[in-house]
Amino acid sequence: MRELELMGTLGCHLCDLAEAVIASTVDMSEYAIYQVDIAEDDGLMETYALTIPVVVDVVSGKTLGWPFDAYQLADFLKALASE
């Protein structure tokens, strides 16, 4: 199972939108998705504060930043699968 992280924080309305896109697009039998609150880590805040929400592939470190739709997310996942 491939692991993805959704970088975000509480109260982020764009993060809520990203969660909805993920829920409607990602096959949860193939992917484990973890929400990461960047506010709990200074390094993550420095990296992602201005760009959340961001989907991060745990293995490769490749990212998909907002804004993205279901098609862009599906293309991102296809590219990861072909590695």
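As shown above, the structure is provided for reference.
As a starting point, this report considers the structure included with it. Because the structure is predicted, anything quoted here is derived from the model rather than measured. (Residues numbered from 1 in each chain as written. Predicted model: local features only at pLDDT ≥ 70, side-chain atom pairs only at ≥ 80, totals over all residues. Heavy atoms only, no water.)

A general trend in soluble globular proteins is that nonpolar side chains are found buried together. Of all hydrophobic cores here, the largest spans 14 residues; its most connected members are Val55, Phe68, Leu73, Phe76 and Leu77. Elements represented by at least two residues in this core include exactly β1 (2–8), α1 (13–25) and α3 (70–81). Tallying contributions element by element places α3 first for this core, with four residues. Beyond its immediate sequence surroundings of up to four residues, Leu73 is in contact with Val21, Ile22, Thr25, Val26, Leu64 and Phe68. With nine residues, the next largest nonpolar core counts Cys12, Val36, Val54 and Val56 among its residues. (Core = buried A, V, L, I, M, F, W, Y, C linked by side-chain atoms within 4.5 Å. Buried < 20%, exposed > 50% of the residue type's maximum accessible area, 1.4 Å probe, protein only. Helix = DSSP H or I, 4+ residues; strand = E, 2+ residues; numbered from the N terminus. Contact = heavy atoms within 4.5 Å.)

Looking now at the sheet that holds β1. Across the sheet, four strands lie side by side as β2-β1-β3-β4; this open sheet has mixed pairing. The open sheet terminates on both sides in strands that have one partner only, identified here as β2 (31–37) and β4 (63–65). Taken over all neighbouring pairs, the strand axes of this sheet differ in orientation by 20 degrees on average, direction set aside. Strands in contact with α1 are β1, β2 and β3 (54–57); relative to β1, the strand with the most contacts, it is inclined by about 155 degrees. (Pairing = 2+ DSSP bridges. Axes fitted to C-alpha atoms, helices over the stretch in contact; angles between N-to-C directions.)

Time to look at the packing of aromatic side chains. Scanning the entire structure with this criterion turns up one aromatic pair. Ring plane angle 75 degrees and centroid distance 5.0 Å describe the contact between Trp66 and Phe68, whose orientation is recorded as edge-to-face. When its relative accessible area of 23% is taken as the criterion, Trp66 is described as partly exposed. Take Phe68: its relative accessible area is 4%, and that puts it in the buried class. (Phe/Tyr/Trp six-rings, centres within 6.5 Å; stacked < 30°, edge-to-face > 60°.)

It is worth spelling out α1 at this point. Taking 1.5 Å of rise per residue, the 13 residues of α1 would be expected to cover 18 Å, and the 19 Å separating its terminal C-alpha atoms lies within 8% of that figure. Along α1, the positions that sit buried rather than exposed are Cys15, Ala18, Val21 and Ile22. Across the axial projection of α1, the buried residues extend over an arc of 115 degrees, all falling on one side. For α1, the exposed residues set more than 90 degrees away from the buried face come down to His13, Ala23 and Ser24. At its buried positions, α1 is contacted by β1, β2, β3 and α3. (Expected span 1.5 Å × (residues − 1). Arc of directions from axis to C-beta.)

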